[in-house]
Amino acid sequence: MKKPNLLKQFFTKEERPHTFALATAQDHRLFSYAMSFAKYHPDMMIVFSADGEIIYVNQEALYELLQYRPSHAEDFKKILTDVDYKRLKRAFNRTLRGKSVKIDIDRLQHQGQNLSLVLTFIPIKNDDNQAEGLYLIIEDMSTYSAMKHQLMLHEKHLNYAQHIAAVGSWEYFIQHDKLFCSDNFYHIFGFARSDNDGIEHVFQFIHPDDYERTYDAFNHARKGTNFDSDFRIYHGKTNELRFLQAAAEVIWKDDKPFKMIGVVKDETAFKLLEKTLNDTLANYHSIFDNLDAGIWMRDSIRGNMLFASKGLEGILGIPLAKLYDDSEVWINMIHPAHREEVLAY
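Now for a description of the structure that goes with this document. (Residues numbered from 1 in each chain as written. Predicted model: local features only at pLDDT ≥ 70, side-chain atom pairs only at ≥ 80, totals over all residues. Heavy atoms only, no water.)

### Focus on the overall build of the chain
A tally of helices and strands in the chain yields twelve helices and twelve strands. Buried positions account for 35% of the 345 residues belonging to the chain. Summarising the internal contacts of the chain: among those between residues at least 6 apart in sequence, 40% fall at separations of at least 24. (Helix = DSSP H or I, 4+ residues; strand = E, 2+ residues; numbered from the N terminus. Buried < 20%, exposed > 50% of the residue type's maximum accessible area, 1.4 Å probe, protein only. Contact = heavy atoms within 4.5 Å.)

The structure is reproduced here in structure tokens:
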């Protein structure tokens, strides 16, 4: 003969003396423990019978959370989507078979609220190891989820800004050789993110001619000196030669270097543009040096000499080196009658 479900008797909806006789003092203690667990658990808790009836709940706390007063498991259909309700029902039935279940419900839209909940189902078993009901613990993760969403949004904006600026950020924990980097750091170096990233993996990409100098500077940083270095790498995916600049501040903890927080910037476009400009100027200088005319460039009329062609040596009768060393020497060669007029430009 099937035993009566004592759960409904234990959890009465009104606190009044129980009219049934408990078999032993142990039953009294177990009942007290069960009630205490349900009433004083820090999260919202509902106690269901096996047929889905709500037989204990902090009504005011539940109403404050959901703005709704359900009395049966079926009532949750009114505030859940069909998909979430089916998940809840499957979890309910699985729990009645003796398994604890946890499910997440994200972005529950109800009464103008946007809720994120974690639901934990725990079976309540009798002496025959049969579930007579279950506890449902409801954790309101809405604030946490909102903060997580904001953090992810900020991270997305940061990654986009770093991509535009060709900059990557990184954090290196010295004692554990653990490296944590932004998405664009990996894009700059050309390798995939891994849970086991250490600094040695990054140094595999550095140009052989720059390796020793950069590695020495990094080892000094491990001992507490801030890191600052320019170096070249071969991109991990394209094998393209890139020019990088990296800098980091060493953070101390317990009187010893703890970690580095740094940035790396891809200077390749600037370096290539600078090289193109220098090559172009060199070509012009070569042309100017083979002309009979004298050509010069200064940063201002009385400023430093930037370039003087060889033709000026014959015209002025002085070595080019003197023009570079003494910015005023040519001014003294101008006839006094014309000097003021020339310098007015």
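### Re a nonpolar patch on the surface
A cluster of nonpolar residues, Leu277, Leu281, Met297 and Leu306, forms a patch on the protein surface that exposes about 340 Å² of accessible area. One can find Leu306 in strand S12 (residues 305-308). By relative accessible area, which is 52% here, Leu306 ends up exposed. (Patch = residues over 30% accessible without salt bridge, like charges linked within 9 Å, V, L, I, M, F, W, Y side chains within 5 Å. Areas by Shrake-Rupley, 256 points an atom, 1.4 Å probe, with all protein chains shown as cover. Salt bridge = Lys/Arg side-chain N within 4 Å of Asp/Glu carboxyl O.)

### Brief notes about a positive patch on the surface
The grouping of Arg94, Arg97, Lys99 and Lys125 at the surface amounts to a positive patch. Structurally, Arg97 is set in the loop between helix H4 (82-96) and strand S3 (101-110). (Lys, Arg positive; Asp, Glu negative; His and termini not counted. Charge placed at Lys NZ, Arg CZ, Asp CG, Glu CD.)

### Points about the environment of Ile122
Structurally, the position occupied by Ile122 is in strand S4 (residues 113-125). Sequence separation between Ile122 and Tyr135 is 13 residues, and the spatial gap between their C-alpha atoms is 5.1 Å.

### Examining the sheet that holds strand S8 (residues 227-234)
Overall, antiparallel pairing links the five strands, which are arranged S7-S6-S10-S9-S8 in an open sheet. Where the open sheet ends on each side, the last strands, each with one partner, are strand S7 (178-181) and S8. Each neighbouring strand pair of the sheet contributes to a mean axis angle of 25°, computed without reference to strand direction. As defined by bridge partners, strand S6 (residues 167-173) adjoins strand S10 (residues 256-266) across seven bridges and the pair is classed as antiparallel. Directly across from Tyr172, in S10, lies its bridge partner Met260. (Pairing = 2+ DSSP bridges. Axes fitted to C-alpha atoms, helices over the stretch in contact; angles between N-to-C directions.)

### Some words on the side chain of Asp266
Along the polypeptide, Asp266 turns up in strand S10. There is a polar contact of 3.4 Å between the side chain of Asp266 and the side chain of Arg242. Of note is the side chain of Asp266, whose polar atom sits 2.5 Å from the side chain of Thr268. Those residues within four positions of Asp266 in sequence are excluded, and the remaining contacts are Ala166, Ile188, Arg242, Phe243 and Leu244. (Polar contact = N/O pair within 3.5 Å; in protein donor to acceptor, adjacent residues only side chain to side chain.)

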